[in-house]
Amino acid sequence: MGYDLKLRVWRGDENGGGLVDFTVPVEEGEVVLDAIHRLQATQAHDLAVRWNCKAGKCGSCSAEINGRPRLMCMTRLSLFDPAEPVTVTPLRTFPVIRDLVTDVSFNYEKAKTVPPFTPPEGLALGEYRMAQVDVERSQEFRKCIECFLCQNVCHVIRDHEENKQHFAGPRFFIRYAELDMHPLDTLDRKRQLRDEHGLGLCNITKCCTEVCPEGIKITDNAIIPMKERVVDTRYDPLTRFIRRFRSPEQPRRPAPERQGQTAADS
Amino acid sequence: MSEIERHSYDVVVVGAGGAGLRAAIAAHDAGARTAIVCKSLLGKAHTVMAEGGIAAAMGNVWPEDNWQVHFRDTMRGGKMLNNWRMAQLHAQEAPERVWELESWGALFDRTPDGKISQRDFGGHRYARLAHVGDRTGLEMIRTLQQRAVALGIDVFMECTITRLLKDGDRIAGAFGYWRESGRFIVFEAPSVVLATGGIGKSFKVTSNSWEYTGDGHAMAMLAGAPLINMEFVQFHPTGMLWPPSVRGILVTESVRGDGGVLRNAEGRRFMFDYISDYFKAETADTEEEADRWYDDHINNRRPPELLPRDEVARAINAEVKAGRGTPHGGVYLDIASRRSPEFIKKRLPSMYHQFKELADVDITKEPMEIAPTCHYVMGGVEVDADSAMSKVPGLFAAGEVAGGMHGANRLGGNSLSDLLVFGKRAGEYAAAHAAGLAVRPRIDEADVAQAEAEALAPFARDGGENPYSLHRDLQETMHNLVGIIRVAEEMERALERIAEYRERLEKVSVEGNRQYNPGWHLALDLRNMLIVSESIARAALERKESRGGHTRDDYPSTDPEWGKRNVCCRWDGDHVTVYQQPLPEMPDELKKLFEEH
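This report concerns the structure included in the present document. (Residues numbered from 1 in each chain as written. Chains lettered and ligands numbered in written order. Predicted model: local features only at pLDDT ≥ 70, side-chain atom pairs only at ≥ 80, totals over all residues. Heavy atoms only, no water.)

**Here's the deal with the nonpolar core**
And then number 1: Counting 238 residues, the largest nonpolar core has Leu7(A), Ile36(A) and Met72(A) as the members making the most contacts within it.
And then number 2: Excluding anything up to four places from it in sequence, Leu7(A) contacts Val20(A), Asp21(A), Phe22(A), Val24(A), Ala35(A), Ile36(A), Leu39(A), Val86(A) and Val88(A). (Core = buried A, V, L, I, M, F, W, Y, C linked by side-chain atoms within 4.5 Å. Buried < 20%, exposed > 50% of the residue type's maximum accessible area, 1.4 Å probe, protein only. Contact = heavy atoms within 4.5 Å.)

**Here's the deal with helix α5 (residues 215–222) of chain B**
And then number 1: When you tally the buried positions in α5(B), you get seven out of eight residues, the bulk of the element.
And then number 2: Along α5(B), the positions that sit buried rather than exposed are Asp215(B), Gly216(B), His217(B), Ala218(B), Met219(B), Ala220(B) and Met221(B). (Helix = DSSP H or I, 4+ residues; strand = E, 2+ residues; numbered from the N terminus.)

**Topic: empty space enclosed by the protein**
And then number 1: All told, the structure shown has nine cavities of 30 Å³ or more when counted by the stated rule.
And then number 2: Counted as a void, the second largest cavity has a volume near 140 Å³.
And then number 3: Along the lines of polarity and charge, the residues of the lining of the second largest cavity split into ten nonpolar, four polar and three charged. (1 Å grid on protein atoms, 1.4 Å probe; cavity = no way out; pocket = protein on both sides within 12 Å on 5 of 7 lines; lining within 4 Å. Points joined across faces, edges and corners; volume = space filled by probe spheres on them. Nonpolar A, V, L, I, M, F, W, Y, C, P; charged D, E, K, R; others polar.)

**Topic: helix α13 (residues 445–460) of chain B**
Residue and element names in this part refer to chain B.
And then number 1: A rise of 1.5 Å per residue sets the reference length of α13, with its 16 residues, at 22 Å; its end C-alpha atoms lie 22 Å apart and thus fit the reference within 8%.
And then number 2: Along its length, α13 reaches its greatest deviation from straightness, about 30°, at Glu 454, and the proline Pro 458 lies no more than four positions downstream.
And then number 3: For α13, the complete set of buried residues consists of Val 448, Ala 451, Glu 452, Ala 455 and Pro 458.
And then number 4: In this structure, the buried residues of α13 make contact with β1 (5–8), β8 (159–167), β9 (170–178), β10 (184–188) and α16 (518–542). (Expected span 1.5 Å × (residues − 1). Bend = angle between axes of the 7 residues up to and from the residue.)

**Section: a negative patch on the surface**
Residue and element names in this part refer to chain B.
And then number 1: There is a patch of like negative charges on the surface, built from Glu 492, Glu 496, Glu 500, Glu 503 and Glu 506.
And then number 2: Locating Glu 503 in the fold gives a position in helix α15 (residues 488–505).
And then number 3: With a relative accessible area of 53%, Glu 503 lands in the exposed category. (Patch = residues over 30% accessible without salt bridge, like charges linked within 9 Å, V, L, I, M, F, W, Y side chains within 5 Å. Areas by Shrake-Rupley, 256 points an atom, 1.4 Å probe, with all protein chains shown as cover. Salt bridge = Lys/Arg side-chain N within 4 Å of Asp/Glu carboxyl O. Lys, Arg positive; Asp, Glu negative; His and termini not counted. Charge placed at Lys NZ, Arg CZ, Asp CG, Glu CD.)

**A closer look at the pattern of salt bridges**
And then number 1: In the structure shown here, the tally under the stated rule is 79 salt bridges over all chains.
And then number 2: The closest approach of N and O atoms between Lys54(A) and Asp34(A), which form a salt bridge, is 2.9 Å. Of the two residues, Lys54(A) is situated in the loop between α1 (32–42) and β3 (62–65) and Asp34(A) in helix α1; the sequence distance between them amounts to 20 residues. Asp34(A) shares its class with Lys54(A); the two are buried.
And then number 3: Asp188(A) is the salt-bridge partner of Lys190(A), the closest N and O atoms lying 3.5 Å from each other.
And then number 4: Bridged by salt links that share partners, the residues Arg142(A), Arg175(A), Glu178(A), Arg135(B) and Glu139(B) form one connected network.

**Notes on the side chain of Ser60(A)**
Residue and element names in this part refer to chain A.
And then number 1: Looking at the secondary structure, you find Ser 60 in the loop between α1 and β3.
And then number 2: On the basis of relative accessible area, Ser 60 is assigned to the buried category, the value being 8%.
And then number 3: Side chain to side chain, Ser 60 and Asn 52 meet in a polar contact 2.9 Å long. (Polar contact = N/O pair within 3.5 Å; in protein donor to acceptor, adjacent residues only side chain to side chain.)

**Here we look at the interface of chain A and chain B**
And then number 1: Opposite the 59 residues of chain A that make contact, chain B presents 62 residues.
And then number 2: Looking only at chain A, the three residues that lose the most surface to chain B are His45(A), Lys57(A) and Arg142(A), adding up to 15% of its buried area.
And then number 3: Summed over the shared surface of chain A and chain B, the result is six salt bridges.
And then number 4: A salt bridge links Glu136(A) to Lys346(B), with the shortest nitrogen-to-oxygen separation between them at 2.9 Å. (Buried area = accessible area lost by both parts, 1.4 Å probe.)

**Here we look at the sheet that holds strand β22 (residues 565–571) of chain B**
Think of a sheet as strands paired side by side through backbone hydrogen bonds, with each pair either parallel or antiparallel.
Residues and elements named next belong to chain B.
And then number 1: Read across the open sheet, the five strands follow the order β19-β17-β12-β22-β23; overall the sheet is mixed. A strand with exactly one partner marks an edge of an open sheet, and here the two such strands are β19 (402–403) and β23 (576–582).
And then number 2: In terms of strand pairing, strand β12 (residues 227–228) meets strand β17 (residues 380–382) through two bridges, oriented antiparallel. In the strand pairing of β17, Ile 228 is matched with Gly 380.
And then number 3: Against the sheet, α16 contacts β12, β22 and β23, and its axis sits at roughly 50° relative to β23. (Pairing = 2+ DSSP bridges. Axes fitted to C-alpha atoms, helices over the stretch in contact; angles between N-to-C directions.)

**Concerning the layout of surface pockets**
Rolled over the atoms, a probe with the dimensions of a water molecule shows which regions are left empty.
And then number 1: Taken as a whole, the largest pocket spans an internal volume of roughly 1400 Å³.
And then number 2: Lining the largest pocket are 49 residues, with His37(A), Trp51(A), Lys201(B), His471(B) and Gln475(B) positioned closest to its centre.
And then number 3: For the lining of the largest pocket, the elements supplying multiple residues, two or more each, are α1 of chain A together with α14 (467–481) and α16 of chain B.
And then number 4: Here the residues of the lining of the largest pocket sort into 17 nonpolar, 18 polar and 14 charged.
And then number 5: A volume near 790 Å³ is recorded for the second largest pocket.
And then number 6: Around the second largest pocket sit 38 residues that line it, and Lys143(A), Pro213(A), Glu214(A), Ser350(B) and His353(B) are the ones nearest its centre.
And then number 7: At the level of elements, β4 (68–71), α3 (132–142) and α8 (207–211) of chain A together with α10 (341–347) and α11 (349–359) of chain B are the ones that each hand at least two residues to the lining of the second largest pocket.
And then number 8: Per element, the largest residue contribution to the lining of the second largest pocket is five residues, and it comes from α11(B).
And then number 9: When the residues that make up the lining of the second largest pocket are grouped by side-chain class, the tally is 15 nonpolar, eight polar and 15 charged.
And then number 10: When residues of the lining of the second largest pocket are assigned to domains, at least three fall in each of domain 1 (5–234 + 375–435) and domain 2 (235–372) of chain B. (Domains from an automatic or database assignment.)

In structure tokens, the structure reads:
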């Protein structure tokens, strides 16, 4: 049944701000975003908040609710004790623009640097053939709704601004995994993944997997397999041997794919 | 006047859903300097919410399928009021547009022989929808987004266009503001592609997101481009109903395509009672035949649950009105008793998740409670079928904002294919239009100043009404008076209220500053919602018959004379004027496709 919700919302901008207390009437079955919308319509008309679908499909309304990163549209108020206040704050890893809206452009910049899907040459439109079992592994990662909650909890960048330059974060590790496991992709991206996007910095604490609203097994199904593949390439005994005799000035090229690796992967 | 940020492009695409992204890719590929301008972050546009699939006669599941069958289904679904040429191009080009997505990395579900799998949907004779579970829209928008990013196309995110700018009768650019800072921005461009989607936010119960405020529809009107078919609004038969917080959220048609059935409170499969003469020949009249159809489309006819959406929505409405509805005023959608939990979770993962999380309903064990929800507008900017150009030179429209393609009712799955087919065409022709001009049109600075003043007006007023309450009243009016079932007296009342709302909008004031201020944004969007709402109400009052997504209690039958005419809307300075024009006539060789049945 309906009750008066005590809602504490962070309000402010890049220059600072703080938690503001509100009381908002809420109804049975409602989610945090409903309460935020009612607050906006009745008390705080200029409250800044991002949202689109309100159905857990677009990943726009990410915030920290009682300190836990969540989608506001998929967080039922019934999770919380009606006597206790519910606190909503913006994602901490990204700079605040205003109220609950943060500057997530970091993610869009990183997206530009991942080499895209590269099909085999000469494969005509309509001639693509892939088995369902082979596409399913990449399909798991393509469920990603880009809510950036995994990016937000990743301690490599949450507490270390300086890492942002050399680290792409879990969202992009699953993008790499998706492309690497795509049955028809022909490009080897392991060097970028290791050298430019910092896969090695991840020490698999699984925080990203825990917050993923799509239930993607980011660590087990993407990060760990990709770490293994990167290591396989780097410590392949033959390429390691060759590397020892290469002068430091020579540009480092990606190691050649070993025979049979693709077959073993699929 | 303060310094305004300015950019110059050959083609500016407004909107970054399926149509906008596909248009931008096409314009870029044609060599045009191209920009995408969108209200939300990239990848969040409404396309992301599409669930069921992309209709394209690839013939992967049923080799009997081809473009002629798809064309025929589309025209009949639209009650023959579609622009025949658009429907033809759409059916012919959709397969290649889908395959193109695959070459850009999309991973559709597969058939046993490794091709793109296709699923059944309402009004489609064969299983025709390319899909990824029930998250096809996400796959489509992500693929297009990644392609646009890989091509290096400039994207202006969280930037809202409020006015189109002209040089004489031609397009010269667009004016808008950054949501983040509230600062203004001007684009100089000889070609502008509108890909702004639909209008659902004018209605109370809708599956649409906040972005669907009819911006493109209204800006085209203000720039002198007429709209057609605005009386046709699609109410999707299956929206969530309970709890109130989720009312209107879409439940994909795939539930029915994959075997789900509709039952009233008495447990009866009531759709058998609502098979119109128009679809009698192709619809099963016993439950046995309907159930056999899933495995054998050739020797059995389609279940009535898979009639086009307008038919199903009206039937649900009638059942509830007759007192056979559920406690919350809907009907039951049941797949739990018909398919295994494994099948349901595999084919409909988002639906399973959505009901479990938001409604405490396990759809593998119990039926869903559903009711119609405002979903799509068939009407939109009147465009040339081949080029997607409106009546204003340099102004193009593709996707939901364009009118004609779907006639009086759109078939499920035909929207995503529409975005791809006409997005590509609009982008190509927009690039060609820009390249073909000897002199670039010039923006009139007086127009920029006027657009700026218009946008700032809500800040200049003090103590007026807030935009949220006005928005709520408009939604209530459209829902109650111009909804699924219409009657002249109610629509006239709606028009009177819309006139009052326009006066109230003149007095709306907003608080706070220009930085990321949703109250201000809504105040500006309300202009568009009022123009679109007036267009719908006037066009609906004009069409004195029932057809597709337009049902009148005072004119319940379909009139062949009205089947030869489109209702058009144009902006006359301070109000919408409607007029009629003849429907383009289909050539004889296409007419033959309708004779054999």
